[in-house]
Amino acid sequence: MTNVLLIIFIISLLYVSIANRIITYVRVLALQGFILFGVTYLQLQSVQTWNLVLILLETIVFKAIAVPVFLSYLIKRNKITRETEPYLPHFISLIIITLIVVITVLLANSIKDTHLDKIFFIVSLSTLFTGLYFIASRKKIITHVMGYLMIENGVFVLSLAVGNEMPNLVNLGIMLDVFASVLILGIFLNKIGDVFKAVDVDQLSNLKDY
Amino acid sequence: MTGIYLISAFIIAGLLFVNRKTLFNNILVIIFGLVQIVFTIYACLNYKNVVLQYFTIDSLGLLLLMTLSIIAIPALFHSYIYIRRHDETPQSRAIYFSAMVFLIASISAAYLANHIAVIWIFTEMTTLSASMLIYHHRNKLALEGTWKYVFICAISITFVFIGILFLSLSLQASGSNDLSFANLMANKDKLNPFWLRLAFLFIFTGFTAKLGLVPMYTAGIDAKDKAPAPAGALLASVLMNLGFVGIFRTYTIIAQTPLFHWANLIIFIAAFLSIFVATVYMTKVLNIKRMFAYSGIEHMGIVMLGIAAGGIGYYAAILHIILHAFVKSSLFFQFNQLYRTFQSKSMPYVGNYFKYNPAGAIVLLLGFISATAMPPSGLFVSEFLIFRSLFEANYIILLIVVLVLLTIVIWAFGKNILKILFIPVQGLDETKIPKINPWESLTQYLLLFTAVWFGLNPPSIFVQLIQDAVKILPH
């Protein structure tokens, strides 16, 4: 069951790569939140109950509901246009992300370690690189933020892989989530929406050496 | 005591944040300065002790903590001048001082942490407080700088976290799950090399955002440019040292394993590229603050070259990073007066500084001599030792290329500084230039003098501390 969920997670990455509208990104982020909820529930067996409840709450409330709702609110409030405006065509994005997944699978096959379920490694690393690719290839600041949130989801998957031995690391990951999301989303995306009217990275190029 | 220090620092930060009275604000800042000094003295007395389980007062931590305290006092003093000159509202003053106290306390704690996750947490806190300082002026450019800093630091901090996860995977074979550096060192033979390799790559990449190396150096440049100069002084000196602590402590672990040479190769590549990038930008840059920031990138490159070369290079690297902190912070403190004189930080509108403020101009001149590592400065000693270590380790070609690049840096830096000092600006309205009290340059002189003193004739206890910090590394 864990494997099924994680494979759906990878498919969601491929789906995002060809998505045309920003709201699809938000929905996929919400879906990933629900998947992480399921994976956490199935995976973390030997964690203390209250800690498990905290982690589950974080995935369902924070990742699956609060952040997507807030993102769609930001999109409405700042009147961000609906297109994702990639620098590259969707087809090439699809190929690149497929390549990322294939390469991480090949890399994972070279590991000779019995302690780790390899699928966690594959999912997290391919999510990491996919997120970085989104940050590099999309024009809007809000898609950059979504790429970052995707990276965080990937990191969360990896922390689940070691979660039974070191539950504190999962808690640290949650701290990272809350900290970065509040800082990035709450304060600055709000501010940036007020100050820079069309929220494109092109406008963030005034800091120069001369 | 560490607990008392952290709690009192955070309480002071909170009080500063809510307080709007000038007198009360100044009293709180002075109290924090005293708390910082007392804590440093306490750390000296409790050398080698473990406090609160997660903090060890070891040689490196103690050295950098003392550096931080020496720089923090003038930083608070210059912040006071800065805020008073700018007629800030009580609210922005409150946020500024609160963020600065928070930043200094987080950096102090991160220096002493003996657990990779604790360093990580305090590094996160420095990002938070530094972003408040960068956003101080609340205009469009400050927002852009803050946004870039926050975003890149968030990604870097995620990278460090991934590195920590890989480190925990690497440790699993040994059966223990304590990620403190002491435990990692005890289990150094049982670490899984594959995961350790990934862990080092990610932790190194993540901390380069703070240290200011390729690939993540960009955020720091904008941050030092947009933050008020006294805050920029902290970002350009002690916060960079924090990145060094993170990398160095991980490096001491990996240096005990067969991956030692591979890790050195990674550091060589990043360090060389940093020097190269800094050189290219230095020749073009017209913004004085950014020029200082790029000079910092170049120095961090030299420091990491020393670490990777080994031998006497370890000693020289730590000496260099401490002396660099003194010199670079004094340049940033001086920048504020320069800006008050000319109301510009762009090279074409600044010049003939000797005429308007001789005391400050001499600081710039001495700072330039120190930052380019010319003889009377202490950095000359450390840089010379680093080159010697490169020579002894048979990296002759690398050494020659680096020397050529550094010559270009000296040329570019010198061209700009001499222009600031001697060449008059066309059409400057001299009646508007304010008179600046020469006593405001006193702290810069003291910092520069400390850098010379510690470089040329270091106290024996200082030398012992550095040697103790690097003795664990293979020679």
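Residues numbered from 1 in each chain as written. Chains lettered and ligands numbered in written order. Predicted model: local features only at pLDDT ≥ 70, side-chain atom pairs only at ≥ 80, totals over all residues.

## Thoughts on the overall build of chain B
Thought 1: Scanning chain B for helices and strands turns up 20 helices and 2 strands.
Thought 2: In terms of overall size, chain B behaves like a compact globule, its C-alpha atoms giving a radius of gyration of 21 Å where 475 residues would be expected to give roughly 23 Å.
Thought 3: Taking the principal axes of the C-alpha coordinates as reference, chain B spans close to 70 × 55 × 45 Å.
Thought 4: Residues classed as buried in chain B amount to 57% of the 475 residues present.
Thought 5: The long-range fraction of contacts in chain B, counting pairs at least 24 apart against all pairs at least 6 apart in sequence, stands at 78%. (Helix = DSSP H or I, 4+ residues; strand = E, 2+ residues; numbered from the N terminus. Rg over C-alpha atoms; globule rule 2.2 N^0.38 Å. Buried ≥ 20, exposed ≤ 12 C-beta atoms within 10 Å, placed from the backbone. Contact = placed C-beta atoms within 7 Å.)

## Some remarks on the overall build of chain A
Thought 1: Scanning chain A for helices and strands turns up 7 helices and 0 strands.
Thought 2: Sequence-ordered secondary structure for chain A, helices as α and strands as β, is α-α-α-α-α-α-α.
Thought 3: The C-alpha atoms of chain A give a radius of gyration of 17 Å, which matches the 17 Å a tight globule of 210 residues would have.
Thought 4: Along the first, second and third principal axes, the C-alpha atoms of chain A reach 50 × 35 × 35 Å.
Thought 5: Expressed as a percentage of the 210 residues in chain A, the buried residues total 40%.

## Thoughts on the environment of Asp58 of chain B
Thought 1: Relative to the helices and strands, Asp58 of chain B is located in the loop between strand E2 (55–56) and helix H3 (59–85).
Thought 2: Between the alpha carbons of Asp58 of chain B and Ala43 of chain B there is a distance of 9.3 Å; along the sequence they are 15 residues apart.

## Here's the deal with the domain arrangement of chain B
Residues and elements named next belong to chain B.
Thought 1: If you check the domain split of chain B, you get domain 1 (1–258) and domain 2 (274–475).
Thought 2: In this structure, domain 1 and domain 2 have C-alpha centres spaced 22 Å apart.
Thought 3: Secondary structure elements with two or more residues in the side of domain 1 that touches domain 2: H3, helix H9 (218–226), helix H10 (229–236) and helix H11 (238–254).
Thought 4: Looking at the side of domain 1 that touches domain 2 element by element, the count peaks at 13 residues for H3.
Thought 5: Of the residues contributing to the side of domain 1 that touches domain 2, the split by class is 23 nonpolar, 9 polar and 3 charged. (Domains from an automatic or database assignment. Nonpolar A, V, L, I, M, F, W, Y, C, P; charged D, E, K, R; others polar.)

## Overview of the interface of chain B and chain A
Thought 1: Taken together, the 36 residues of chain B in the interface contact 31 residues of chain A.
Thought 2: At the level of secondary structure, the elements contributing two or more residues to the side of chain B that touches chain A comprise helix H5 (116–134), helix H6 (140–171), H9 and helix H12 (260–284) of chain B.
Thought 3: Among the elements that line the side of chain B that touches chain A, the one with the most residues is H6 of chain B, at 20 residues.

## Topic: the packing of helix H2 (residues 22–45) of chain B against H3 of chain B
All names here are of chain B.
Thought 1: Relative orientation of the contacting elements H2 and H3 amounts to 170°, with a least axis distance of 10 Å. With respect to H3, the element H2 is oriented roughly antiparallel. Each of Val29, Gly33, Gln36, Ile37, Thr40, Ala43 and Cys44 in H2 lies in contact with H3, whose residues at this interface are Leu62, Leu65, Met66, Ser69, Ala72, Ile73, Leu76 and Tyr80.
Thought 2: The residue makeup of the contact of H2 with H3, split by class, is 11 nonpolar, 4 polar and no charged. (Axes fitted to C-alpha atoms, helices over the stretch in contact; angles between N-to-C directions. Parallel < 35°, antiparallel > 145°, perpendicular 65-115°, else oblique.)

## Regarding the confidence of the model for chain B
Residues and elements named next belong to chain B.
Thought 1: Within chain B, residue pLDDT values average 92, and 100% of them lie at 70 or more.
Thought 2: Mean pLDDT per element in chain B: strand E1 (residues 50–51) is the minimum at 86, and H11 is the maximum at 95.
Thought 3: Overall fold confidence (pTM) sits at 0.94, and the ipTM for the predicted complex is 0.92. (pLDDT = per-residue confidence, 0-100.)

## Regarding unusual backbone geometry
All names here are of chain B.
Thought 1: Of note, the amide linkage connecting Val214 to Pro215 takes the cis form, showing an omega dihedral of 10°.
Thought 2: Mapped onto the elements, Pro215 comes out in the loop between helix H8 (193–211) and H9.
Thought 3: Within the chain, Lys48 stands out as a residue other than glycine whose phi angle is a positive 75°.
Thought 4: For Lys48, a count of 10 C-beta atoms within 10 Å translates into the label exposed.
Thought 5: Of note, Gln343 is a non-glycine position whose phi angle comes to about 55°, a positive value.
Thought 6: Within the secondary structure, Gln343 sits in the loop between helix H14 (312–342) and helix H15 (353–356).

## Focus: the nonpolar core
Residues and elements named next belong to chain B.
Thought 1: Residues Val101, Leu133, Met304 and Ile318 are the most contacted members of the largest nonpolar core, which totals 232 residues.
Thought 2: Element by element, the count of residues in this core is highest for H6, at 21 residues.
Thought 3: In this structure, this core is formed jointly by two domains, domain 1 (1–258) and domain 2 (274–475), each of which donates at least three residues.
Thought 4: Excluding its chain neighbours within four sequence positions, the residues that come into contact with Ile318 are Leu60, Ile466, Ala469 and Val470. (Core = buried A, V, L, I, M, F, W, Y, C linked by C-beta atoms within 7 Å.)

## Some thoughts on H6 of chain B
Given 3.6 residues per helical turn, the α-helix brings residues three or four places apart onto the same face.
Thought 1: Between its terminal C-alpha atoms H6 of chain B stretches 46 Å, which fits the 46 Å expected from 32 residues at 1.5 Å a residue.
Thought 2: For H6 of chain B, the tally of buried residues reaches 30 of 32 residues, placing the bulk of the element in the interior. (Expected span 1.5 Å × (residues − 1).)

## Points about the packing of helix H5 (residues 118–137) of chain A against helix H6 (residues 141–161) of chain A
The relative placement of two packed helices is expressed as an angle between their axes plus a distance between the axes.
Residues and elements named next belong to chain A.
Thought 1: Contact geometry for H5 and H6: axes closest at 8 Å, N-to-C directions at 165°. Judged by the inter-axis angle, H5 sits roughly antiparallel to H6. You can see that H5 and H6 cross each other, and the crossing is left-handed.
Thought 2: Split into classes, the residues belonging to the contact of H5 with H6 amount to 15 nonpolar, 9 polar and no charged. (Left-handed = near helix turned anticlockwise from the far one by under 90°.)

## Focus: the environment of Lys328 of chain B
Thought 1: Its location among the elements puts Lys328 of chain B in helix H14.
Thought 2: A residue is classified by how many C-beta atoms lie within 10 Å of it, and Lys328 of chain B, with 29 of them, is buried.

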